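Survey of secondary and tertiary structure
Chain by chain, the residues run as shown.
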Amino acid sequence: MDKLVIDGGIPLTGSIEVSGSKNAALPILFAAILASDSVTFSNVPDLRDIHTTLKLLQMLGCACEYADGKACITPGTLLPEAPYELVSTMRASVLCLGPLLARIGRARVALPGGCAIGARPVDQHLKGLEQMGARFDLEEGYILGRCRKLKGAHVTFDMPTVGGTENLLMAAVLAEGETILENAAREPEVVDLANFLLACGARIQGQGSSCIRIQGVSELRGAPYAIMPDRIEAGTFLVAAGITGGELLVRNCPFKELEAVILKLRDMGMEITATPEGVLARCACPLRGTDLKTQPYPGFPTDMQAQVMALMCSAQGASVVEESIFENRFMHVQELVRMGAQIKISGHTAMVRGVSQLAGAPVMASDLRASASLVLAGLAARGTTHVRRIYHLDRGYERIENKLNAVGARIRREKE
Ligand code: EPZ
């Protein structure tokens, strides 16, 4: 296993590029199953989860090529099985369920286990697909799904679930009749998926709102598509500028899609300006604490909670962080405390009291965004930080140490 060794205390300056969005690319790659011919994607990030998805697509009968950020997927004779060995390494594998049922009427997908941040059930996916005519059995840890032909339905989610909305959206585009998704997730990644499906000939309205209407069509033709930039990677870089007291021009940075994050960073004292070349982020004054509560989009994204908490650790004053989406998304807290942070957890709320400077220490990554939080803390800390188990980080950040070293960081990747 690899670790990152970070010599902290250096203000980052220069320009840094955002890659394609992991959380848009994953559902969109699975959506290629729905097309009757080849699909070529660009701006596909070079991440572990992307390679896992391509491997799974090959096992499902698709020919896959990937090079230089481009992926070409050609669905062949589709097979129904998504094995545990792959699904257990990437929960998003469950997103093959909708497309398989839509195309071949059957699927055998390993039930995705929980992960560090929570139980992460898929009951909303299954309930919605059952309303469209699918039948499911659970056998030896696998979801067995079957249907003759999916039929349009009026589905209301118990909560705005990103994956659930994406699975039902992909199932509905080839179903018979109209499907209405109420209380749907409004995340930009859902919109990107809808835009790809529209490019292939799907009939969708309301993407980005909480009510999406889909008219099923008989066939989708592959269309070239560029994946949207990764707003969470971009937000991570904005925080990197603030936490090191530097100045970064973040290129390909979504601005509107990061509004809730940008408002919080400005509230803490950062200057964040959209320019024609990208988003300029700098520290205009000593940072001050703020409060935040994670919410479904357009609220503050849970995927930025750990990163902003790292920033709060050395801001003046107190901050309150409430995590309302996942039941266990404070795994980074104890590791930040090892670096001198003063944080107390009470249920779903963390109280952060800023300290003058964090101190480098050996810390352990536990999940993707917690890893990013520890890297950010290491960049700001006095001394050297060893972030272990960074395979978590490689799932969602493309060569992050290269990008950060190019703007002044001192990070080495070493074998554990
Ligand atoms: C997606 O996960 C993202 N992953 C997550 O990003 C992100 O944190 C999450 O959305 C919320 O924005 C991808 O897009 C690949 P949900 P997803 O279904 O779809 C509950 C990262 O770091 N729920 O919106 O799994 C669930 O337990 C990852 O990039 C049910 O109860 O999230 C959670 O509390 C981490 N039943 C809430 O809904 C269901 O059937 C939101 O989950 C589905 C979800």
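The structure displayed is predicted, hence computed values, not measured ones. (Residues numbered from 1 in each chain as written. Predicted model: local features only at pLDDT ≥ 70, side-chain atom pairs only at ≥ 80, totals over all residues. Heavy atoms only, no water.)

**Description of the packing of aromatic side chains**
- Tallied over the full model, the rule gives two aromatic pairs.
- Both rings, one in Phe 41 and one in Phe 196, keep their centres 5.0 Å apart while their planes meet at 65°; by these two values the pair is edge-to-face. With Phe 41 in strand S3 (residues 39-42) and Phe 196 in helix H7 (residues 188-199), this residue pair connects regions lying 155 residues apart in the sequence.
- When its relative accessible area of 0% is taken as the criterion, Phe 41 is described as buried.
- Residue class for Phe 196 comes out buried when judged on its relative accessible area of 0%. (Phe/Tyr/Trp six-rings, centres within 6.5 Å; stacked < 30°, edge-to-face > 60°. Helix = DSSP H or I, 4+ residues; strand = E, 2+ residues; numbered from the N terminus. Buried < 20%, exposed > 50% of the residue type's maximum accessible area, 1.4 Å probe, protein only.)

**Focus on the sheet that holds strand S1 (residues 2-7)**
- The strand order across the open sheet formed by four strands is S22-S23-S1-S24, and the pairing between neighbours is mixed. Each having just a single partner strand, strand S22 (362-364) and strand S24 (410-415) make up the two edges of the open sheet. Across the sheet, the mean angle from the axis of one strand to that of its neighbour is 25°, orientation sign disregarded.
- In this sheet, S24 lies alongside S1 in antiparallel orientation, the contact comprising six bridges. By the bridge assignment, Val 5 is partnered in S24 with Arg 412.
- Contacting S1, S22, strand S23 (384-388) and S24, helix H12 (residues 368-380) crosses the sheet at an angle of about 30° to S1. (Pairing = 2+ DSSP bridges. Axes fitted to C-alpha atoms, helices over the stretch in contact; angles between N-to-C directions. Contact = heavy atoms within 4.5 Å.)

**Notes on the pattern of salt bridges**
- Tallied over the entire structure, the rule returns 24 salt bridges.
- Glu 271 is the salt-bridge partner of Arg 282, the closest N and O atoms lying 2.8 Å from each other. Remark: Glu 271 occurs in strand S16 (residues 270-275) and Arg 282 occurs in strand S17 (residues 278-283); sequence separation between them is eleven residues.
- When its relative accessible area of 28% is taken as the criterion, Arg 282 is described as partly exposed.
- One salt bridge in this structure joins Arg 412 and Glu 414, with 3.3 Å as the shortest N-O distance.
- Through salt bridges with shared partners, one network takes in Asp 2, Asp 394, Glu 401, Arg 413 and Lys 415. (Salt bridge = Lys/Arg side-chain N within 4 Å of Asp/Glu carboxyl O.)

**Re the packing of helix H8 (residues 231-244) against H12**
- Relative to each other, H8 and H12 sit at 25°, their axes nearing to 9 Å. If you check the angle between H8 and H12, you find them roughly parallel. The two elements H8 and H12 cross, and the hand of that crossing is right-handed. Taken together, the residues of H12 that come into contact with H8 (itself represented by Ile 232, Thr 236, Val 239, Ala 240, Ile 243 and Thr 244) are Arg 369, Ala 372, Leu 376, Ala 377, Leu 379 and Ala 380.
- Its residues assigned to classes, the contact of H8 with H12 shows nine nonpolar, two polar and one charged. (Parallel < 35°, antiparallel > 145°, perpendicular 65-115°, else oblique. Left-handed = near helix turned anticlockwise from the far one by under 90°. Nonpolar A, V, L, I, M, F, W, Y, C, P; charged D, E, K, R; others polar.)

**Thoughts on the sheet that holds strand S9 (residues 142-146)**
- With respect to topology, four strands assemble into an open sheet ordered S6-S7-S9-S8, the strand pairing being mixed. In the strand order of this sheet, the two ends are held by strand S6 (81-82) and strand S8 (135-139), each with one partner.
- Sheet analysis places strand S7 (residues 106-110) next to S9, joined by five bridges and oriented antiparallel. Among the inter-strand pairings, Val 109 is bridged to a residue of S9, identified as Ile 143.
- The strands touched by helix H4 (residues 97-104) within the sheet are S7, S8 and S9, with S7 carrying the most contacts at an inclination of about 160°.

**Brief notes about the site of the ligand**
- Of all residues adjacent to the ligand, which total 23 residues, the nearest are Gln 124, Thr 161, Gly 163, Asp 303 and Ile 325.
- Pro 121 places a polar main-chain atom, nitrogen or oxygen, 3.3 Å from an oxygen atom of the ligand.
- A distance of 2.6 Å separates an oxygen atom of the ligand from a polar side-chain atom of Asp 303.
- Protein coverage of the free-state accessible area of the ligand, which is 830 Å², stands at 86%.
- Breaking the shell around the ligand down by element, the ones donating at least two residues are helix H1 (22-31), helix H5 (123-131), helix H6 (162-172) and H12.
- In terms of residues, the shell around the ligand owes the most to one element, H5, which gives three residues.
- Of the residues belonging to the shell around the ligand, the class tally is ten nonpolar, six polar and seven charged. (Near = heavy atom within 4 Å. Polar contact = N/O pair within 3.5 Å; in protein donor to acceptor, adjacent residues only side chain to side chain. Areas by Shrake-Rupley, 256 points an atom, 1.4 Å probe, with all protein chains shown as cover.)

**Points about H1**
- Of all the ten residues making up H1, nine are buried; the element is thus mostly covered by neighbouring parts of the structure.
- Every buried residue of H1 is listed here: Lys 22, Ala 24, Ala 25, Leu 26, Pro 27, Ile 28, Leu 29, Phe 30 and Ala 31.
- The residue sitting at the N-terminus of H1 and contributing the capping side-chain oxygen is Ser 21; that oxygen lies 3.3 Å from the backbone nitrogen of Asn 23.

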